[in-house]
Amino acid sequence: MRRGFQGAVLDVLGAKLLDLTVIDSQLVSGDTLRRITFSSATRFPDALHEAASGIRLWFPLASGRAV
């Protein structure tokens, strides 16, 4: 699920798309911080374990919009 200009840049850089399944979700600090545990049927790329690597997540709202 690519989003706008940043999604186009990620495509050019060869970013991988992963489908994740939420396993657990719990509030950690009042209503401001939530810990989400997820799983993936596919293996994460080795580059994800290097310094300065990251993962971008999109969460669908009830309205169908992703944030």
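Residues numbered from 1 in each chain as written. Predicted model: local features only at pLDDT ≥ 70, side-chain atom pairs only at ≥ 80, totals over all residues. Heavy atoms only, no water.

**With respect to the overall build of the protein**
For the record, the criterion: Per the convention used, a helix needs a DSSP run of H or I reaching at least four residues, while a strand needs a run of E reaching at least two, with both numbered from the N terminus. Our radius of gyration is a C-alpha quantity, and the globule rule it is checked against amounts to 2.2 Å times the number of residues to the power 0.38. Each residue is placed in one exposure class: buried if its accessible area under a 1.4 Å probe, protein chains only, is under 20% of its type's maximum, exposed if it is over 50%, and partly exposed if it falls in between. By definition in these notes, contact holds between two residues if any of their heavy atoms fall within 4.5 Å. What sets the accessible areas is the Shrake-Rupley method with a 1.4 Å probe; for residues, cover comes only from the shown protein chains. Only four residue types enter the tally: Lys and Arg on the positive side, Asp and Glu on the negative side; His and the chain ends are excluded. Lys charges are placed at NZ, Arg charges at CZ, Asp charges at CG and Glu charges at CD.
Scanning the protein from N- to C-terminus turns up one helix and two strands. Starting at the N terminus, the α and β elements of the protein follow one another as α-β-β. Taking 11 Å as the expected radius of gyration for a compact globule of 67 residues, we find that the protein reaches 14 Å, considerably beyond that expectation. On the principal axes, the C-alpha backbone points of the protein span a range of 40 × 30 × 25 Å. Buried positions account for 3% of the 67 residues belonging to the protein. For the protein, the share of sequence-separated contacts (at least 6 apart) that also reach a separation of at least 24 residues comes to 23%. Only carbon and sulfur atoms are counted for the fraction: they give 56% of the accessible area of the protein, which is about 5700 Å². The distance from the centre of the 8 positive side-chain charges to the centre of the 6 negative ones in the protein is 5 Å.

**Quick word on the confidence of the model for the protein**
Detailed conclusions should not be drawn from predicted coordinates in areas where pLDDT is low. For clarity, the threshold we go by: Confidence of the prediction at every residue is given by pLDDT, a number between 0 and 100.
A residue-level look at the protein finds 94% of positions with pLDDT of 70 or above and a mean pLDDT of 81. When the elements of the protein are averaged for pLDDT, helix 1 (residues 4-12) gives the smallest value, 81, and strand 1 (residues 20-29) the largest, 89.

**Considerations on the environment of Ile55**
Mapped onto the elements, Ile55 comes out in the segment after strand 2 (33-40). The exposure class of Ile55 is partly exposed, given its relative accessible area of 43%. With 37 residues separating them along the chain, Ile55 and Leu18 place their C-alpha atoms 9.7 Å apart. When neighbours within four sequence positions are excluded, Ile55 is seen to be in contact with Leu20, Phe44 and Leu48.

**Considerations on the pairing of strand 1**
Worth spelling out the cut-off: When DSSP finds two or more bridges between two strands, those strands count as paired.
Pairing of strand 1 with strand 2 involves eight bridges; the strand directions are antiparallel. Its bridge partner lying in strand 2, Leu27 is registered against Arg34.

**Looking at the environment of Leu57**
Here Leu57 shows up in the segment after strand 2. Among the residues examined, Leu57 registers a relative accessible area of 33% and is labelled partly exposed. It is 9.6 Å that separates the C-alpha atoms of Leu57 and Leu18, two residues lying 39 residues apart in sequence. Setting aside residues no more than four positions away along its own chain, Leu57 makes contact with Leu20 and Val67.

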